[in-house]
Amino acid sequence: MNLVLMSDPRVAAIPVRECGEPLVDVRDHDVRVDPRKQDPQGAFAHVREGVLARLVHARSLLPAGTDLLFIEGYRPPALQRRCFTAYRDELAAAQPDWTPEQLHEAASRYVSPPEIAPHSAGAAVDVTLVDQDGHELDLGSRVNASPEESDGACFTHAPDLGDQARHHRTLLLDAMDSAGFTNYGTEFWHFSAADRYDALMRQAPYARYGPIELPWPAAGTRPLHRAPFRPEARKTGHRSADTPTTTDAQPRTEACMPDHTQQAIPAVPSPSAGDVPPEHHMHLIARSYRQVEAGRKTIEVRVATSSRRAISIGDTVVFHDRETGRELDVAVQRITSYPSFEDLLRSEDTTRIDPDARPGELLACLRGICPPDKEALGVLAFAYDHRAARPGRPMPMTAEAYARTVPHHTVYGCLYIRDEHDRPVQLRSVYGPRPWQFPGGNLDAPGEDPLETARRKAVEETCLGLGPGSPALLLTHFLHAGPSLPLNKVGFIFDGGQLTADQLDQIRLDPAEHDMWAVHDLATWKELMPPLACARLDAVERARRGEGPAYLIAHS
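Let me begin by describing the structure that accompanies this report. Every chain is numbered independently, its residues counted from 1 as its sequence is written. It should be noted that, the model being predicted, local features are given only for residues of pLDDT at least 70 and side-chain atom pairs only at 80 or more, the latter also being counted only at that level, while totals for whole chains, interfaces and linings use all residues. Excluded from the side-chain calculations are hydrogens and water; all other atoms, namely the structure's heavy atoms, are used.

**Comments concerning the sheet that holds strand E8 (residues 299-303)**
- What the 5 strands build is an open sheet, ordered E7-E9-E10-E11-E8; its pairing is mixed. Each having just a single partner strand, strand E7 (279-284) and E8 make up the two edges of the open sheet. For this sheet, the mean inter-axis angle between neighbouring strands, taken without regard to orientation, is 40°.
- Across 5 bridges, strand E9 (residues 316-321) lies against strand E10 (residues 327-338) in antiparallel orientation. When the sheet's bridge partners are listed, Phe-319 is paired in E10 with Leu-328.
- Any two residues whose heavy atoms approach within 4.5 Å at even a single point are treated as in contact. Interaxial angle, 0 to 180 degrees, is taken between N-to-C directions of lines fitted to C-alpha atoms, where a helix line uses only the stretch in contact. For the purposes of this entry, the term helix denotes a DSSP run of H or I that reaches at least four residues, the term strand denotes a run of E that reaches at least two, and both are numbered from the N terminus. Packing against the sheet, helix H8 (residues 286-293) makes contact with E7, E9, E10 and strand E11 (379-384), and its axis sits at approximately 130° to E9. At least two DSSP bridges between two strands are required for those strands to pair.

**Here's the deal with the layout of surface pockets**
- Approximately 1100 Å³ is the volume attributed to the largest pocket.
- Among the elements of the structure, strand E12 (409-418), strand E13 (424-429), strand E14 (436-437), strand E15 (440-442), helix H15 (450-462), strand E16 (473-480) and helix H18 (531-544) are those that each provide at least two residues to the lining of the largest pocket.
- Amino acids outside the nonpolar list (Ala, Val, Leu, Ile, Met, Phe, Trp, Tyr, Cys, Pro) and the charged list (Asp, Glu, Lys, Arg) are all regarded as polar, and Gly is one of them. Tallied by class, residues from the lining of the largest pocket come to 14 nonpolar, 12 polar and 9 charged.
- Buriedness of a pocket was judged along seven lines, with at least five required to meet protein on both sides within 12 Å; pockets are open sets of points on a 1 Å grid over the protein atoms alone, cavities are sets where a 1.4 Å probe fits but cannot get out, and lining residues have an atom within 4 Å of a point. Grid points are joined across faces, edges and corners, and a volume is the space filled by probe spheres set on the points. There is about 620 Å³ of room inside the second largest pocket.
- Those elements that place two or more of their residues in the lining of the second largest pocket are helix H7 (196-202) and E10.
- The residue makeup of the lining of the second largest pocket, split by class, is 9 nonpolar, 5 polar and 10 charged.

**Topic: the packing of aromatic side chains**
- Each Phe, Tyr or Trp ring (for Trp, its six-membered ring) is paired with any other whose centre lies within 6.5 Å, and the angle between the two planes then decides the class: stacked below 30 degrees, edge-to-face above 60, tilted in between. Applying the stated criterion across every chain yields a total of 5 aromatic pairs.
- Ring centres 5.0 Å apart and planes at 85° place the aromatic pair Phe-188 and Trp-189 in the edge-to-face group.
- For Phe-188, a relative accessible area of 1% puts it in the buried group.
- Burial classification: accessible surface area is computed with a 1.4 Å probe over protein chains only, and a residue below 20% of its type maximum counts as buried, one above 50% as exposed, and the rest as partly exposed. Its relative accessible area of 0% is what places Trp-189 among the buried residues.

**As for helix H6 (residues 163-178)**
- Multiplying 1.5 Å by the helix residue count minus one yields the expected span of that helix. The end-to-end C-alpha distance of H6 is 22 Å, a good match for the 22 Å that 16 residues give at a rise of 1.5 Å each.
- Where H6 is concerned, the buried positions are Ala-165, His-168, Arg-169, Leu-172, Leu-173, Ala-175 and Met-176. For H6, the angular spread of buried residues about the axis comes to 170°, placing them on one side. Residues of H6 that are exposed and angled more than 90 degrees away from the buried face: Asp-163 and Asp-177.
- Residues of H6 that are buried in the fold lie against helix H2 (49-60), strand E3 (66-72), strand E4 (124-131), strand E5 (182-183) and strand E6 (190-192).
- Immediately downstream of H6, the backbone of Gly-180 shows phi near 100°, a positive value. The directions considered for the arc are those from the helix axis to the C-beta atoms.

**Let's talk about the nonpolar core**
- Joining through side-chain atoms within 4.5 Å is the link that ties buried Ala, Val, Leu, Ile, Met, Phe, Trp, Tyr and Cys residues into a set, and such a set is a nonpolar core. Judged by nonpolar contacts, the single largest core of 39 residues is most densely connected at Leu-55, Leu-68, Val-125, Val-127, Leu-172, Met-176 and Phe-181.
- Elements that contribute at least two residues to this core include exactly H2, E3, E4 and H6.
- The element best represented in this core is H6, accounting for 5 residues.
- Formed by 16 residues, the second largest nonpolar core is a distinct cluster that contains Tyr-412, Phe-438, Met-529 and Ala-539.

**Notes on empty space enclosed by the protein**
- With the rule as written, the count across this model stands at 2 cavities of 30 Å³ or more.
- Roughly 50 Å³ of volume is contained in the largest cavity.
- In this structure, the largest cavity is lined by Gly-50, Ala-53, Arg-54, His-57, Ala-179, His-281, His-283, His-320 and Gly-325.
- Listed by contribution, the elements that provide at least two residues to the lining of the largest cavity are H2 and E7.
- Residues that form the lining of the largest cavity fall into these classes: 2 nonpolar, 6 polar and 1 charged.
- What the second largest cavity holds in volume is close to 40 Å³.

**What about the side chain of Asp-126?**
- Within the secondary structure, Asp-126 is located in strand E4.
- The residues touching Asp-126, leaving out its near neighbours within four places in the chain, are Leu-69, Phe-70, Ile-71, Glu-72, Arg-75, His-119, Asn-144, Trp-189 and His-190.

**Some words on the environment of His-29**
- Relative to the elements of secondary structure, His-29 occurs in the loop between strand E1 (23-25) and strand E2 (46-48).
- With a relative accessible area of 16%, His-29 lands in the buried category.
- Along the backbone, His-29 and Ala-53 are 24 residues apart, and their C-alpha atoms lie at a distance of 10.0 Å.

**Some remarks on the pattern of salt bridges**
- Salt bridges, as used here, are contacts in which a Lys or Arg side-chain nitrogen is within 4 Å of a carboxyl oxygen on Asp or Glu. Enumeration according to the criterion identifies 43 salt bridges in this entry.
- Linking Glu-136 and Arg-36 is a salt bridge whose minimum nitrogen-to-oxygen distance equals 2.2 Å. Linking Glu-136 in the loop between E4 and helix H5 (147-150) with Arg-36 in the loop between E1 and E2, this pair joins segments that are 100 residues apart in sequence.
- Residue classification places Arg-36 among the partly exposed residues on the basis of a relative accessible area of 38%.

Right, dumping it as structure tokens:
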């Protein structure tokens, strides 16, 4: 198996731009939790807010009668170090001849090195599947079995699994992958999102979650409704901890708005100390997501909960499609606050909120989702446009490497000139089959564009300055490679205009290129030229008269 281990230097090389997203307790959000990893402080049940949103979405993708069982999330860095060291020492006792490097790499198959551990970033979850009665399903080995104990069955794609275990693993992998998680291939139960390992596997430029320390209440306590801890935003352009990132994975009182509208509210823009604005996550029904995806829906309406009021102009909103798990990002351009849905709909363009809604039905739809006590909090309209908010993914290869993978082409530029009676003027080549040609040639000088090449070549070949000003492009010519032409060829033929008799008399040919020039009507030229060249001449003349194509494809 070609696995990327946590110890791979490429994982540690991924930079972290800590987004400041809070850790939340999954036990407060209707997630089925197993107590086997429970600790006195309840650290195990915490994950980043965005991770919880993905987890909730993954549950919704499972078939009826099947559910996720949450086993472990956040792991304090000190505990992670102890786990890694203990397993490395266990391997050292069993393999006394291994080098420290070998022990580190082998230990990372099962326990993440402390410096990059997804669990210590609140970015990872260990989960398995259970039936409707809470009984664990057969997935081929127990959760947290080491490679030695399970004889390799802990590996996600272990080859010798039974049909039932393979089926259950596929259900788990499909749901978690669709929700935006990345699996660690040596542990079928381990999934993470937005950490260094996930960023590497998705070719993202940076991770949004880094290791954090969490101050806990007194041992043995578990306040069910405490404010979520928010790690201090690092020096990466994020706001401080009092301006959190939000998601829809929160109590229903904060997520009752339909994911289907957007506009804005006067708010103070986020501080511009860096180039990475805070991210907020909103989940949309499929119909609404498609409206955003098509550029038709540009206002999102939400109840004015504290988490929604934390959003500022310039922040990033990531929309998630509840049906497919797809996501897209936008930048908040305007935020407008209203006392009620009715006030909002009187002021906002409703076609930007739901372009497919019939007149008069939007208010009833909104109030059907959010009861009066939620609307009483006030409502917000978040407006956005089509500009991207997140940086783009890195290209899969360098420009130089890409250039080596695509067919090469040559490019030419030439000028179509005529006499005062609009009869074409051409030059006879001294090379090969002695073709008749327009003044111009191949791009062979660095920095030139096709028109510049056509003008330079015309001077060299005729001693005339042709094509002044901005001549019209008459024809783009694509010539497929063939036996006589090993490369594809693209040509740009510009209108060189009419030449007077005096100008024609000043033509002086370069004997190294041409030995004759001539003026003929189209019928005569067709007698002198092969069909392929005649087709190009005919297309150029018809394009000049506004009758023909602007694009011609030919085969050599």
